[in-house]
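Now for the letters of each chain:
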Amino acid sequence: MSCHPPEVESSSVHTEDQSICLVGMPNAGKTTLMNALTGGNFKTANYPGVTVSLLRGRTKPEFGPVRNLVDLPGVHSVIAPSPEEELACQVIEGKHSRVKPDAFILVVDATQLERHLKFAGLVARQAKPTVIALTMMDLLPRTRQVVDPARLSETLGVPVVPVDPRTGKGVGDLVVALDRAARKASGPTPVNALAQLPHEPVAAFMQVRDLLRRSGSVAHSNEVDSVTSRIDGIVLHRYLGFPVFFVVLMSLFAAIFWAASPFMDLVDEGFKFAGSLLTSIAPQSVIVRFLAEGIIGGVGVVAVFFPQIMILFFLMTLLEDSGYLARGAALVDRPLSFLGLHGRSFVPMLSGFACAIPAVFAARSIPARRERLLTIWILPLMSCSARLPVYSLLLAALLPAAAWKAGLSLAAIYISSLLVGALVAGMAARIFLKYRTPSLLAMELPAYRVPRWKPILKMTWARGFSYLQRAGVPIMTVSAVLWLVSNFGSTPDRFIAPTPKDQSYAAKLGHRMEPALRPMGVEWRVGVGLISAFAAREVFVSSMAIVFHVESSNEETQKEGLLQQMRTATFPGTDQLIFTPSSIVGLIVFFFFSLQCFSTVAVVRKEMNSWRLAGLQLLFYTGLGYALSVLTVQTLRAFGVA
Amino acid sequence: MVPLSRTFHIDSLDGPEEDCNRLLDLGLTPGENVIVTHAAPLGDPLIIRIRGASLALRKREAAWIWVV
């Protein structure tokens, strides 16, 4: 797990903040180059998600002395930047407090020299040692262009090294060139043509074109790359475009749900086994039980989603690298922008169906704050995978005889979550955000490329590991606290003592909540389940099993036992059933809307830098869930549904 | 309707200032050639080719670009 032994702090003369920065426009191959330079030995520095992230790593030993590398997010334009672009610009201009570049590797797409070299002006003006890594050389024939790196280097006054980061070709030369540039820089700063580029875009582009002409580069730059154009002919086709899109999405969902499930079961079994092994040492000890159920169980709650999230990250990286993700965003831009969202909201919304946390991070690529806020606002509605075990339990209780009806209802829930999200976004945009005009789309569609497995797997691992770090701690803390609250209570002689579940603080809180729970058609034990579900929604199932005294460690029999209990459970002292069709539907409605996930609240607060917003979102959805749940139960009962 | 695969010559940009500045910065400068290569299934956005890059532009954004 640990890519970085402790020597990170001690070994190098550089502080961690002094680094070589990889900069460039998006889709130039920066991250692949990062992978080639570090041998995959990098990690995302608190920036997980599917968008280009800030990656930190160290060069492979074969490239001489070990150096720190930072891969900065790609920058389309310094005008009206997205948060990612802004971060990259801050670092480049030396205005970032933590990351101070002492040299630049400027990654330039050889098929788009004009645009990429114009951006290079910003980097060259910093007067730091800089080399240009010229990528995509293999695509030049596709667009019938010719580039002479040696003459380009001479004309620009900056070393230009052609590299193919996908195969590692030229990467060694790049490091040598960077060393040479760094040595030269200790003398007087060499003047280069790129640093002279004007800020004003029209003049800058003219000057770049002039430089290119002098360097003997032939750029028929508008020649459409034939392969990309042909694929786009299908992918963006008037009639085929959406069917292709749906097939891609369906395959993604199929992989997330079905392909992940054996791995999820394995992880689940593993943690259950570890827990029971620990418990068997001293079954009576409270501390052992806390470690086994509260801590190991808590970690298990996060870890069980790990395979699914890894598959999501893998497929997203794959789609991103191949070039399809940008097309998907373009396809749905029209409906999304109608709702006040942005084409780029597509990726966060898609991720939201696995987990809201990486989805919130993925919203970083949306340029306008208003659209980013709105996207994050509706993410909790996307039916995340933590709801799946809850729905599967409740639907099994509601429709015991017909599995196909339960399946159909589940599909309806998923589609509804998207539609309700659209409704909330459209209304919020018009009522609260005074939505008038959308922000600029102007999104680049990269050339299609055959994905390379190794970099994608490395990237997936880096993103997945970072997710585990970020999401793991809050979930584990919450679950540990919830375990303590539901296993400790006041006894006559001691204020805090281990108690059975039905006398714990959680039970007491559940009893207190009873007046609020009755309108939902349920009682305190379900309340305990609902409270504990704030750790992660699927904890509802296991805490229900605990409060309804289902004794079984095996998951399948646990669910069966719980269903048995639910069929016969009555309100205390009466023979009135708790789980009737109306109260079960009410619970489904509650889970549909409610933001029962403290980790999401924590991440939203951090991302939008606002407690108010995160708190408002929590209250809005949980309040809405409660109100609609009560409304559903009471309406159903008024119409004679038990 | 914009004809596909025809080369246009950009004359000027006329739209919201910040948006137009970003378009300029992305390479859509007066004097450049631009081709509309595809239209997305719903007719919007349009995919254009400029300085070797493919950009997805909404119709309302494309309408700011005056061509000759």
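Residues numbered from 1 in each chain as written. Chains lettered and ligands numbered in written order. Predicted model: local features only at pLDDT ≥ 70, side-chain atom pairs only at ≥ 80, totals over all residues. Heavy atoms only, no water.

Caption draft 1: The overall build of chain A, seen in detail. When you go through chain A residue by residue, the secondary structure sums to 27 helices and 10 strands. Taken against the 2.2 N^0.38 rule, which gives 26 Å for 642 residues, the C-alpha radius of gyration of chain A at 28 Å falls within 12% of a compact globule. Considered along the principal axes of its C-alpha atoms, chain A spans approximately 90 × 55 × 40 Å. The burial tally for chain A puts 56% of its 642 residues in the buried class. Accessible surface, chain A: about 27200 Å² in total, of which carbon and sulfur atoms supply 65%. (Helix = DSSP H or I, 4+ residues; strand = E, 2+ residues; numbered from the N terminus. Rg over C-alpha atoms; globule rule 2.2 N^0.38 Å. Buried < 20%, exposed > 50% of the residue type's maximum accessible area, 1.4 Å probe, protein only. Areas by Shrake-Rupley, 256 points an atom, 1.4 Å probe, with all protein chains shown as cover.)

Caption draft 2: Representation of the overall build of chain B within the structure. From N to C terminus, chain B includes two helices and five strands. Counting helices and strands in the order they occur from the N terminus, chain B gives β-α-β-β-β-α-β. In terms of C-alpha radius of gyration, chain B reaches 11 Å, essentially the compact-globule figure of 11 Å for 68 residues. In terms of principal-axis extent, the alpha carbons of chain B reach across some 30 × 20 × 20 Å. Sorting the 68 residues of chain B into buried and exposed places 59% on the buried side. Restricting to contacts in chain B with at least 6 residues of sequence separation, those with at least 24 account for 46%. Each charge sign in chain B was given a centre, from 7 positive and 9 negative side chains, and these centres are 9 Å apart. (Contact = heavy atoms within 4.5 Å. Lys, Arg positive; Asp, Glu negative; His and termini not counted. Charge placed at Lys NZ, Arg CZ, Asp CG, Glu CD.)

Caption draft 3: Geometry of the pattern of salt bridges. Summed over all chains, the structure comprises 21 salt bridges over all chains. Residues Lys118 of chain A and Asp25 of chain B are paired through a salt bridge, measuring 2.5 Å at the closest nitrogen-oxygen approach. Here Lys118 of chain A, found in helix α4 (residues 113-124), pairs with Asp25 of chain B, found in helix α1 (residues 17-25), and the two come from separate chains. Close ionic contact of Arg214 of chain A with Asp210 of chain A constitutes a salt bridge, the shortest N to O distance being 3.8 Å. Taken together, the positions of Arg214 of chain A and Asp210 of chain A, both in helix α7 (residues 201-214) and four residues apart, correspond to about one turn of that helix. In this structure, a network of salt bridges that share partners links the residues Glu114 and Arg209 of chain A together with Glu32 and Arg51 of chain B. (Salt bridge = Lys/Arg side-chain N within 4 Å of Asp/Glu carboxyl O.)

Caption draft 4: Quick look at the side chain of Thr279 of chain A. All names here are of chain A. Tracing the backbone shows Thr279 in helix α10 (residues 261-281). Among the polar contacts made by the side chain of Thr279, one reaches the main-chain carbonyl oxygen of Gly275 at a distance of 2.6 Å. With residues near it in sequence (within four places) discarded, Thr279 still touches Val288, Arg289 and Ala292. (Polar contact = N/O pair within 3.5 Å; in protein donor to acceptor, adjacent residues only side chain to side chain.)

Caption draft 5: Layout of the confidence of the model for chain A. Residues with a pLDDT of 70 or more make up 91% of chain A, whose mean pLDDT is 84. The low-confidence segment residues 46-52 of chain A (pLDDT under 50) makes 34 contacts with residues lying over four places distant or belonging to another chain. (pLDDT = per-residue confidence, 0-100.)

Caption draft 6: Representation of the packing of aromatic side chains in the model. All told, the structure shown has 16 aromatic pairs over all chains when counted by the stated rule. When the ring of Phe253 of chain A is compared with that of Phe353 of chain A, the centres are 5.4 Å apart and the planes differ by 90°; the resulting orientation is edge-to-face. One end of the pair, Phe253 of chain A, is in helix α9 (residues 241-259); the other, Phe353 of chain A, is in the loop between α15 (346-352) and α16 (356-362), with 100 residues separating them in the sequence. Note on accessibility: Phe253 of chain A and Phe353 of chain A belong to one class, buried. Of the aromatic side chains, those joined through ring pairs into one cluster are Phe242, Phe245, Phe246 and Phe346 of chain A. We note Arg430 of chain A situated over the ring of Phe338 of chain A; from NZ or CZ to the ring centre the distance is 5.0 Å. Of note, Arg51 of chain B hangs over the ring of Phe205 of chain A, and the distance from its end group to the ring centre comes to 3.9 Å. (Phe/Tyr/Trp six-rings, centres within 6.5 Å; stacked < 30°, edge-to-face > 60°. Lys NZ or Arg CZ within 6 Å of the ring centre and 35° of its normal.)

Caption draft 7: Main features of the interface of chain A and chain B. Between chain A and chain B, the contact holds 47 residues from the first and 37 residues from the second. Each partner contributes to the roughly 3500 Å² buried at the junction of chain A and chain B, and carbon and sulfur atoms together form 58% of this total. Across the contact surface, chain A and chain B share five salt bridges. Arg209 of chain A is paired through a salt bridge with Glu32 of chain B; the nearest N and O atoms lie 2.7 Å apart. (Buried area = accessible area lost by both parts, 1.4 Å probe.)

Caption draft 8: Highlighting the pairing of strand β3 (residues 55-58) of chain A. All names here are of chain A. Both faces of β3 are covered, namely the face carrying Leu55 and Gly57 and the face carrying Arg56 and Arg58. In the sheet, β3 pairs with strand β4 (residues 68-71) via four bridges, with the strands oriented antiparallel. Within the sheet, the bridge partner assigned to Leu55 lies in β4 and is Asp71. (Pairing = 2+ DSSP bridges.)

Caption draft 9: Spatial organisation of the nonpolar core. Residue and element names in this part refer to chain A. Of all hydrophobic cores here, the largest spans 122 residues; its most connected members are Phe346, Ile378, Leu394, Val526, Leu530, Phe540 and Phe579. With near-sequence residues (within four places) excluded, Val526 lies in contact with Phe540, Met544, Ile578, Phe579 and Leu587. Core analysis: the second largest hydrophobic core is formed by 38 residues, Val23, Leu87, Phe104 and Leu156 among them. (Core = buried A, V, L, I, M, F, W, Y, C linked by side-chain atoms within 4.5 Å.)

Caption draft 10: Quick peek at the sheet that holds strand β4 (residues 53-57) of chain B. The six strands lie next to each other as β8(A)-β4(B)-β3(B)-β2(B)-β1(B)-β5(B), forming an open sheet whose pairing is antiparallel. Two strands in the sheet have a free side with no partner beyond their single neighbour: β8 (443-445) of chain A together with β5 (65-67) of chain B. Sheet twist, expressed as the mean angle between neighbouring strand axes with direction ignored, is 45°. Pairing of β8 of chain A with β4 of chain B involves three bridges; the strand directions are antiparallel. Its bridge partner lying in β4 of chain B, Met443 of chain A is registered against Ala56 of chain B. Relative to β8 of chain A, helix α13 (residues 324-331) of chain A is tilted by about 130°, and along the sheet it contacts β8 of chain A together with β4 of chain B. (Axes fitted to C-alpha atoms, helices over the stretch in contact; angles between N-to-C directions.)

Caption draft 11: Expanded view of the state of the cysteines. Enumeration over the complete set of coordinates arrives at zero disulfides over all chains. The thiol sulfur of Cys384 of chain A is not disulfide-bonded, and the nearest other cysteine sulfur, from Cys355 of chain A, lies at 6.5 Å. (Disulfide = S-S within 2.5 Å.)

Caption draft 12: Fine view of the pairing of β4 of chain B. Residues and elements named next belong to chain B. Of all five residues that make up β4, five are buried, and the element is covered over most of its length. Neither face of β4 is exposed, since Ala53, Leu55 and Leu57 on one face and Ser54 and Ala56 on the opposite face are all buried. Relative to β4, strand β3 (residues 46-50) is paired through five bridges, and the arrangement is antiparallel. Its bridge partner being in β4, Arg49 is matched across the sheet by Ser54. Hairpin connection of β3 to β4: two residues between the antiparallel strands, including Arg51 at a positive phi of 50°.

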